[in-house]
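# Architecture at a glance
Chain residues, written in single-letter form:
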Amino acid sequence: VVVLLLFMPLLQVCTLLQVCSLTQECKFPDMSDITVSSGIGQGGLPTHILTHTSGTVAEVYSFGATITSVKTKNGQEMLFVSGSSKFDGKSPIRGGVPLVFPIFGSGYSGPSNPVGLPSHGFARRSNWKLVQENNKVYMMLNADLVAQEYKEIWPHNFEARYEITLFEDGFQIKLEIENKDSHNFEFQALLHTYFNIKNVDDLSVKGFDGKTYIDKLKNSEEIAETNEEIRISQETDRIYKAVDKPLLLHGMDGPKSEVDITLFQSSPRIDCVLWNPWIDKAKRMGDFGDEEYKKMVCVEPGYVSEPHTLTPGSTFHVGVTMRYK
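About the thresholds
Residues numbered from 1 in each chain as written. Predicted model: local features only at pLDDT ≥ 70, side-chain atom pairs only at ≥ 80, totals over all residues. Heavy atoms only, no water. Helix = DSSP H or I, 4+ residues; strand = E, 2+ residues; numbered from the N terminus. Buried < 20%, exposed > 50% of the residue type's maximum accessible area, 1.4 Å probe, protein only. Contact = heavy atoms within 4.5 Å. Areas by Shrake-Rupley, 256 points an atom, 1.4 Å probe, with all protein chains shown as cover. Core = buried A, V, L, I, M, F, W, Y, C linked by side-chain atoms within 4.5 Å. Salt bridge = Lys/Arg side-chain N within 4 Å of Asp/Glu carboxyl O. Pairing = 2+ DSSP bridges. Phe/Tyr/Trp six-rings, centres within 6.5 Å; stacked < 30°, edge-to-face > 60°. Lys NZ or Arg CZ within 6 Å of the ring centre and 35° of its normal.

What follows deals with the overall build of the protein chain. Counting its secondary structure elements, the protein chain contains two helices and 24 strands. Put simply, the protein chain has 325 residues, and 56% of those count as buried. Long-range contacts, defined here as pairs at least 24 residues apart, represent 67% of the contacts in the protein chain between residues at least 6 apart. Accessible area of the protein chain: about 13500 Å², with a carbon and sulfur share of 46%.

Now the structure itself:
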């Protein structure tokens, strides 16, 4: 497999650490199945291409450490990115897998909510740095590299590790957060995955039956899911709680139409957001095409129905494996 680790610790210069330039191709000893090349993507933003010997290729932008493409061996694209995404280095990239941290949406209720952060936090709006160290690749960011306006609102010392593993038939992502501070802090985290589907009319998701979801379009009413197969025919914005079995997404664009989705997390429970903006909201979004709601669905693992408290020196992780059937 191919492994890409994305970190958020303090950027330091040492003899064991090599920062890859935008034009450099990085080769890793004892990892001959990995080739990483760096260059310039849309909007002049730095990108990193990760190629697996099976033929699977991933693209990651330094801005937000956003994965914008995963094409498997047969060339089938797993991720959706809007044709209207701005790629301006200021607005989050609309599509792929944006990282949501340290808040989801506008945050959570309670005095510790960091009021004033942008929607979904600062991780997807910050410029990360690619580093080669100990045969691994990291994207690095910490409070010293975060915009001052955000540090003043969320002044905690943390380290995050974001790992991508490529397979012949899919990929896996894992986000780990470590509390490097001397006190507890609270946060929310989410892997905001946009799947590339053929047509929303043919989409179905299985595996949520028996779970309770928070319907954000109905004043956060909690509803028991009784449907074995979920179909989308209107704006959908739900947080499924305590998801404990694999999901099956049917309707991918390409020769393989089904993807197995396995969620994992260090805490006893894991949330999963199901989202599609549908017609009216799509028209209101400035970085999303009016008809693009037909071509995407978000299935997003994370910890967002409430904040997670992390004690000093402890870690939290959330991840998902996605493979074509």
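As a further point, take unusual backbone geometry. Residue Pro 102 is bonded to the preceding Phe 101 through a cis peptide linkage, with omega at 5 degrees. Checked against the element boundaries, Pro 102 lands in the loop between strand E8 (99–100) and strand E9 (129–133). With a phi close to 50 degrees, Ala 65 is a non-glycine residue in the positive phi region. You can see Ala 65 is positioned in the loop between strand E6 (57–61) and strand E7 (67–71). In this structure Ala 65 comes out as buried when scored by relative accessible area, which is 0%.

A few words now on the nonpolar core. If you look at the biggest cluster of nonpolar residues, it comprises 84 residues, and the most contacted ones within it are Ile 173, Phe 195, Leu 249 and Ile 261. In terms of residues, this core owes the most to one element, strand E23 (residues 296–310), which gives seven residues. Those residues in contact with Phe 195, other than ones at most four positions away along the chain, are Met 78, Phe 80, Leu 249, Met 252, Val 259, Ile 261, Lys 295, Met 296, Val 297, Val 299 and Met 322.

Turning our eyes to something else, we now look at the pattern of salt bridges. Taken as a whole and judged by the stated rule, the model has 15 salt bridges. Taking the shortest distance from any N to any O, the salt bridge between Glu 306 and Arg 269 comes out at 3.3 Å. Within this pair, whereas Glu 306 is found in strand E23, its partner Arg 269 is found in the loop between strand E21 (258–265) and strand E22 (271–276), the two being separated by 37 residues in sequence. What you see here is one network of salt bridges that share partners, running through Glu 159, Arg 161, Glu 176 and Glu 178.

Summarising the element assignment, Lys 325 is placed in the segment after strand E24 (315–324). Its relative accessible area of 56% is what places Lys 325 among the exposed residues. A C-alpha to C-alpha distance of 8.0 Å links Lys 325 and Ser 257, two positions 68 residues apart in sequence. If we skip the residues at most four places from it in the chain, Lys 325 touches Leu 248, Lys 256, Glu 258 and Asp 260.

The next point concerns the pairing of strand E17 (residues 221–224). Relative to E17, strand E16 (residues 212–215) runs antiparallel, the two sharing four bridges. Note that in E17 the partner of Ile 214 across the bridge is Glu 222. The hairpin formed by E16 and E17 contains five residues between the paired strands, and Asn 219 there has a positive phi angle of roughly 55 degrees.

So, about the pairing of strand E20 (residues 247–250). With three bridges joining them, strand E15 (residues 204–206) and E20 adopt antiparallel strand pairing. What sits directly across from Ser 204, in E20, is His 250. Both E20 and E21 contribute to a ladder of four bridges, which runs antiparallel. Opposite Leu 248, over in E21, you have Asp 260 as the bridge partner.

Turning our attention to the packing of aromatic side chains. Tallying each qualifying case throughout the model produces 19 aromatic pairs. Judged by centre distance (3.9 Å) and plane angle (10 degrees), the rings of Phe 208 and Tyr 240 are stacked. Here Phe 208 is found in the loop between E15 and E16, whereas its partner Tyr 240 is found in strand E19 (residues 236–240), with 32 residues between them in sequence. For Phe 208, a relative accessible area of 0% corresponds to the buried category. Of the aromatic side chains, those joined through ring pairs into one cluster are Phe 101, Phe 122, Tyr 150, Trp 154, Phe 158, Phe 185, Phe 187, Tyr 303 and Phe 316. If you follow Arg 238 out to its NZ or CZ, it ends over the ring of Tyr 213, 4.4 Å from the centre.

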